Each structure stands twice: as structure tokens, then as C-alpha cells.
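Listed below, chain by chain, are the residues.
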Amino acid sequence: MAQEARAKMKRVTCTAPVNIAVIKYWGKRDEKLILPLNDSISFTLSQDEMCAKTSIAISPHFTEDKFWLNGKEESLENPRIQNCLKEIRRRASKRKLEGSTEDILNWHIHICSANNFPTAAGLASSAAGYACLVYALGQVYGVEGDLSSVARQGSGSACRSIYGGLVRWYKGELDDGSDSIAQPIAPKDHFPNLRVIICVVSSGRKKIGSTDGMRQTVLTSKLMQYRFTQSVVSRMESILEAIEKKNWSDFCDLTIADSNEMHAVCQDTFPPCVYMTDTSHTLASLVHQYNDVKISQGDINHKVCYTFDAGPNACLFVPGAVVDEVLALLLRAFPPCSSQKSDEYVKGLSAHPATLSKELMSLVTDETEAGKLKYLIHTKVGDGPRVISDTDSSLLDETTGMPKPAGGEA
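Let me begin by describing the structure that accompanies this report. (Residues numbered from 1 in each chain as written. Predicted model: local features only at pLDDT ≥ 70, side-chain atom pairs only at ≥ 80, totals over all residues. Heavy atoms only, no water.)

Our next topic: the overall build of the chain. Of regular secondary structure, the chain possesses twelve helices and 17 strands. For 410 residues, the compact-globule estimate of 2.2 N^0.38 gives 22 Å, and the chain sits close to it at 22 Å. Its C-alpha atoms put the chain at 70 × 50 × 40 Å along the principal axes. Residues classed as buried in the chain amount to 53% of the 410 residues present. Within the chain, residue pairs in contact and separated by at least 24 positions form 79% of the contacts whose partners lie at least 6 positions apart. Summed over its atoms, the accessible surface of the chain is roughly 18100 Å², and 48% of this surface lies on carbon and sulfur atoms. Separation of charge centres in the chain, based on 45 positive and 49 negative side chains, amounts to 2 Å. (Helix = DSSP H or I, 4+ residues; strand = E, 2+ residues; numbered from the N terminus. Rg over C-alpha atoms; globule rule 2.2 N^0.38 Å. Buried < 20%, exposed > 50% of the residue type's maximum accessible area, 1.4 Å probe, protein only. Contact = heavy atoms within 4.5 Å. Areas by Shrake-Rupley, 256 points an atom, 1.4 Å probe, with all protein chains shown as cover. Lys, Arg positive; Asp, Glu negative; His and termini not counted. Charge placed at Lys NZ, Arg CZ, Asp CG, Glu CD.)

Next up on the list: the layout of surface pockets. By volume, the second largest pocket is sized at about 290 Å³. Forming the walls of the second largest pocket are 16 residues, and the residues nearest its centre are T282, A333, V364, D366 and T368. When residues in the lining of the second largest pocket are grouped by element, the largest group, six residues, is from helix 9 (residues 278-296). Its residues assigned to classes, the lining of the second largest pocket shows five nonpolar, six polar and five charged. (1 Å grid on protein atoms, 1.4 Å probe; cavity = no way out; pocket = protein on both sides within 12 Å on 5 of 7 lines; lining within 4 Å. Points joined across faces, edges and corners; volume = space filled by probe spheres on them. Nonpolar A, V, L, I, M, F, W, Y, C, P; charged D, E, K, R; others polar.)

Our focus in this paragraph is the pattern of salt bridges. Tallied over the entire structure, the rule returns 19 salt bridges. Between D309 and K24 there is a salt bridge whose closest N-O contact spans 2.5 Å. Residue D309 is located in the loop between strand 13 (305-308) and strand 14 (314-319), and its partner K24 is located in the loop between strand 2 (19-23) and strand 3 (28-30); the two are separated by 285 residues in the primary sequence. Given a relative accessible area of 18%, D309 falls into the buried group. Its relative accessible area of 1% is what places K24 among the buried residues. Between K294 and E325 there is a salt bridge whose closest N-O contact spans 3.1 Å. A residue pair is termed long-range when its members are at least 10 positions apart, and K294 in helix 9 and E325 in helix 10 (residues 323-333) qualify at 31 residues. For K294, a relative accessible area of 6% translates into the label buried. (Salt bridge = Lys/Arg side-chain N within 4 Å of Asp/Glu carboxyl O.)

If you trace the six strands from one edge of the open sheet to the other, you get 8-7-9-6-1-17, paired in mixed fashion. In this open sheet, the two edge strands, each paired with only one partner strand, are strand 8 (72-74) and strand 17 (386-387). Relative to strand 9 (residues 108-115), strand 6 (residues 51-59) runs antiparallel, the two being bridged by eight bridges. From the neighbouring strand, I58 faces strand 9, where its bridge partner is I109. (Pairing = 2+ DSSP bridges.)

What follows covers the nonpolar core. Membership of the largest hydrophobic core comes to 100 residues, with the highest contact counts inside it found for F43, Y141, I197, F251, L316, F317 and L330. Among the elements that line this core, the one with the most residues is helix 4 (residues 125-141), at eleven residues. Among all residues touching F317, those that are not within four sequence positions of it are I20, V22, F43, L194, R195, V196, W248, K303, V304, C305 and T307. Residues W26, A182, M224 and A310 belong to the second largest nonpolar core, which totals 17 residues. (Core = buried A, V, L, I, M, F, W, Y, C linked by side-chain atoms within 4.5 Å.)

The following block contains the structure:
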């Protein structure tokens, strides 16, 4: 029986990346279809440091649909998961794959997902998770073509994680949302040797979820009306020009401005949605001081920009030529706890903090308190979702279709 079950079971394992928006999505014009009020643009990050992994198995021998997230069984009745599953199956039903499609559409499904980074902490875990789910579903059911509109129905920003590099999510104009899709606009090396440093202030769950925060902002913030009707429209045009011309200085300024404005509308919400902390503001201030030094030296091409999603954690985009310098500055301003080893504090790509100039040393004059940051993730811009062909990497057992003992880890 075990041999027969394994023969009939169809399995796939995929990984998908985190994306970080530089022009933010905050606010929906349609809650059910997850249609945004404005276009957005994001960088897709490398999956070598941060990714979601999803293994899916379908079999005629499964007795019910099952779902596990980070090692814990969850309900598959989540409407957003169901929307993604129904849409993929609908598309699959239109295909004729050797007469077998109709059969597999009636098989039960096992889904096992895990993130290798904190969930619901403002690190775009839902974007990576739903992009991975939809991409894996597409693989197991043989669905091709654009999947971003399906991922959008799980989590709005997930549609951008379907592609690598720089990605634009179009808000669309149609009521059914069919034109609200994501498309790549530049490859991952468009800004050569660009590095990313994520400063993790907190790895805990947010007090106010993005969905609730957006809803309240749209209902109560007057500044939000100005944002999506005027300022973000103009900023989109400007940043697209900066991307086309590879004008890094302008790109930095526009990225920072949009992050600041998003958090301003959160503050303008009633009651306010407060995501940034004192440490977040200190990080932002340090970036501005660093850029002032670069500008005074006439070196505008090595500026750094920050952006904050709905959480306290900063994402810094750093030209590779100065990444060691920036890391050294961060370590001076935010030293690790004495109990932390260097590779526990600075994770990801290898880091070699530089010796700081007197001018940069002077930016941190106050006594610093260790432990204000949990850790740093050093990464880069990357590609879209991948199929993992190594069967040992699957989160599901090849015979039973149940989670492996270590199935909670990606």
C-alpha cells in the first residue's frame, strides 16, 4: 500500500523571497479582492538569507486537506488560503493534461510551510509565504502564466514576490481586479553590487496587524487622501525616472520620503497606528547623518536609504562599496549584547566592518546601550521563486505526505 501511495502522490517543494517596498502599499480600494489604492514598487531580496519554503503533496489516498505552518497544524479554512487554492484549481480545470487533470483536482492536499525568519514581525513574512504557496500550487497543478494576481488574493504584497529584481504592482482600474498585477521592471543587478542590511529591532508579532492598520487609516486619515491622490502619484513618476536613469541619489531620497509619508499617515490615523520605536528613529537619524557626510564629500552616489514597513525594523539599501563602512557604523551605534557572537549578530553575507574615519566616528558620541537591535541581516537583491529539486529538502515525507520531524524548519 505504501508503495502504491508513493507512486500516486504528486509532490513539489518551492521557496519564495521577501520583498521590501520602496514605494509603499498602504490602503485598499477593495478589501475582499485586495486591490490597492496606489501602485507600489519593491526590491525582491535574496532567498539565501530570507525565504519561505512550501512543500505540497496531493494524493488520492489522503482523506482530508491539511496545512502546517512553522511546525504547527493550522486550519485550512483561512479564506485567503482558500481563495488562492480555488483560483489555481479553477485555472487547472481549464487545462487538458493527458486526461489526468480532472482526477488530481479531486485529490486532497497537504501543505507544509515554514519561514526561516520571524513571522508577523514586519519582515514581509506574509508576502513570501503566499507567493511561495501560490507558486508551489501552480507547479503541482501545472498552472502556467501570471500568478501575481493569485498571490495578491492571499496577501497584497505577495504579488511582488512572484518576481525578482525591481517589481511594480499596478493598482489597476477594473472592479474585478484582473488588471491589478505585478510585473518586473528591472533585473536584480540594475543597481550593481547593491547590498541590503535589515536592522531587526523586534522579532515579535506586531501589536496592530497591517490589514487592520490599513483599514483604519483609509477610514480616518485626511493625510491619506492626499497621499494616494497626489503625492504618491508624483513620487511614482519620479522614482521610475530615477530607476531608468540609474540615479541612485534621487532613488534614495524618494525611498526615504515615501517611507516617512507612510508612517506619517499611520500617525494621522485615529487612533494612531504606531509602528516605529525610539530605536527605529535613531536608525533613521543615523542614516541622514551618514548621508550628510557623503554629500559634504561630494559623494552622492554612495548614499544610503532606509525604509520601514509596518513594523519597527529598518531596511537599509547600501551601495556595496560602502557596506563595510555602514556595518561598522551600525556596530558602533548599536553594539551587540556581550553574550552574542559576531556571526549571531550579523547574519547572512560575510561582513568585514571597516575602520571608521574620525568624521564618521563622531556621528556616535553618546554612550551606546548594547542590545537595542536583536541582530542584523546582511543580504542583497535576488530572484523570484524557485522549485527545489532535492527531495531531501521537502518538508513532507515522501511516503506518508505528513510533515517530517524537522518540518517546522526551512
